[in-house]
Amino acid sequence: MWEAIRANQRRSRLLIGLMGSILAALGALMGAFYAGPEAAAAGALAALVVWLVMLLAALGGGERLLLAGSRARKVEKQQAPRLWNVVEEMTIASGLGKMPAVYVIDDDMPNAFAAGRSHDTACVAVTSGLLRRLNRDELQGVIAHEIAHIKNLDVRFLTIAAVMVGSVAIISDVFFRSLWFGGGRKRDVRGGGGQAQAIIAIVTVVVAILAPICTQLLYYAVSRRREYLADASGARFTRYPEGLASALEKITTDLRPGKGVMRVLAPMYIVNPLQLRGAVGLFSTHPPTHKRVEILRAMGGMAGWVDYERAFKQVMGQDAKCLDSQTLGAEGSVAARAAQPEPEPRQAAVERAKEVHELLDRMVNFLFLTCVCGVQIRVPPGVTRDAVRCPRCGREHALPREETERQQPAPADETPQSYRRQGEGWETFPCRCGQNVELSPGFRGDAVRCKACRRRIEIRSA
């Protein structure tokens, strides 16, 4: 598989080079148009500088901007154990080494994406709608697909390519705005110089029109190819192609115009939420979903690289190719595993809905208390009362309140203790004296005092 990744990277560098050539040519023509042929080199350099500045900004914190723009919230294992365990499993199966951070988006439309310029900064984000609709096998398929994007460094390439496309579009837009508002170089158009300037002007206009289209076509073409490779990886990591095929069908069935979806983020989703179901062509960021599903199901109960390549040729034509010969020769066919047992479908749907509802409450810092009668009490953040009453049996439940170091005097004799926070929700940990200490989501101090022994406990951030 490493050879397939390296081949993909070589193609990516070639495409980036082509896109860079288009960008430099556009800058050179604009320099010649505004300041004469002698300024062409300076124009090309200026265009590349614009791209470099935008690229550094994107790579410097691009994943944080994408996560913030999508309103994704980081979750810990205790908040979303099923999702967390699936990400752990697929990290091990893929050989990624470091588990990506896990994020959840409060959005009923099922979808998922991966972000991060390297394995160290990688993350996987899924919507609440995805968690609500997919069973464990289907969720594994989606997570394996996204981890494949991380392992193959697709996210970094797509970031570089998207910035290149944006740079070409911005420079082209600046040129046309300058023409519209009466800009452009004023020079004598008599004689040969005027004729040369007219030719430069015509060529510049044509290139300014075609350059954004050409770079977008290159970007979309390589993006579609990477989706097929991630599907092949997802089938291999899970050893259950039907899980990913079924997940893609469910996601596509619920696909609708993505309200509030960032346009720059849409191509990174497993199914583009801004791409209408039937809109497939040169300007599509993803291959036709029905083709992806057909290929996965044509694997015929197998899950190896050679099995995906055989299915790919069967569906796309014998001349089509997805994987390289070295990857295909590394192993033979691999038998797919059996589906994981699931509860009765209606019961499983109810359990997933309950799980997601609880997760969303925890994400906004609800406190969960379980009464001895079995009722789970959800306490919203900001409640100032000291206790709440169980709606079934009427028992009073005291609400935990942390006390900062300034609120209580230090004991005469104390042994220091420290605790490292695990996340941003409610947390309980034992003091050395045996008393449980509670930390709320809103706690911002650097130490607390145990109510029983008044020992000072230093609190360290996660």
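Residues numbered from 1 in each chain as written. Predicted model: local features only at pLDDT ≥ 70, side-chain atom pairs only at ≥ 80, totals over all residues. Heavy atoms only, no water.

K.L.:
Run through the packing of aromatic side chains, naming residues and quoting values.
P.N.:
Evaluation of the coordinates by the stated rule reveals seven aromatic pairs. Residues Phe 33 and Tyr 34 carry aromatic rings whose centres are separated by 5.1 Å and whose planes lie at 80 degrees to one another, so their mutual orientation is edge-to-face. The class for Phe 33 is buried, based on a relative accessible area of 9%. Its relative accessible area of 28% is what places Tyr 34 among the partly exposed residues. Centre to centre, the rings of Phe 175 and Phe 176 are 5.4 Å apart; their planes meet at 65 degrees, and the pair counts as edge-to-face. (Phe/Tyr/Trp six-rings, centres within 6.5 Å; stacked < 30°, edge-to-face > 60°. Buried < 20%, exposed > 50% of the residue type's maximum accessible area, 1.4 Å probe, protein only.)

K.L.:
Tell me about the side chain of Thr 289, and name the residues and values.
P.N.:
Inspection of the secondary structure puts Thr 289 in helix 9 (residues 289–297). Exposure remark for Thr 289: the relative accessible area of 16% places this residue in the buried category. Sequence-distant contacts of Thr 289, that is, excluding residues within four places in its chain, are made with Leu 248, Thr 252 and Val 271. (Helix = DSSP H or I, 4+ residues; strand = E, 2+ residues; numbered from the N terminus. Contact = heavy atoms within 4.5 Å.)

K.L.:
Provide a residue-level description of the sheet that holds strand 1 (residues 72–74), including the pertinent values.
P.N.:
One open sheet accounts for four strands, arranged 1-2-4-3; its pairing is mixed. Strand pairing shows two members of the sheet lacking a second neighbour, strand 1 and strand 3 (112–115), which therefore form its edges. The sheet shows a mean angle of 25 degrees between the axes of neighbouring strands, direction not considered. Sheet topology places strand 2 (residues 101–105) next to strand 4 (residues 123–127); five bridges connect them, and they run parallel. Pairing of Ile 105 across the sheet is with Thr 127, part of strand 4. (Pairing = 2+ DSSP bridges. Axes fitted to C-alpha atoms, helices over the stretch in contact; angles between N-to-C directions.)

K.L.:
Explain unusual backbone geometry residue by residue, including any values.
P.N.:
Phi is positive for Leu 153, which is not a glycine, with a value near 60 degrees. Its place among the elements puts Leu 153 in the loop between helix 5 (136–151) and helix 6 (154–180).

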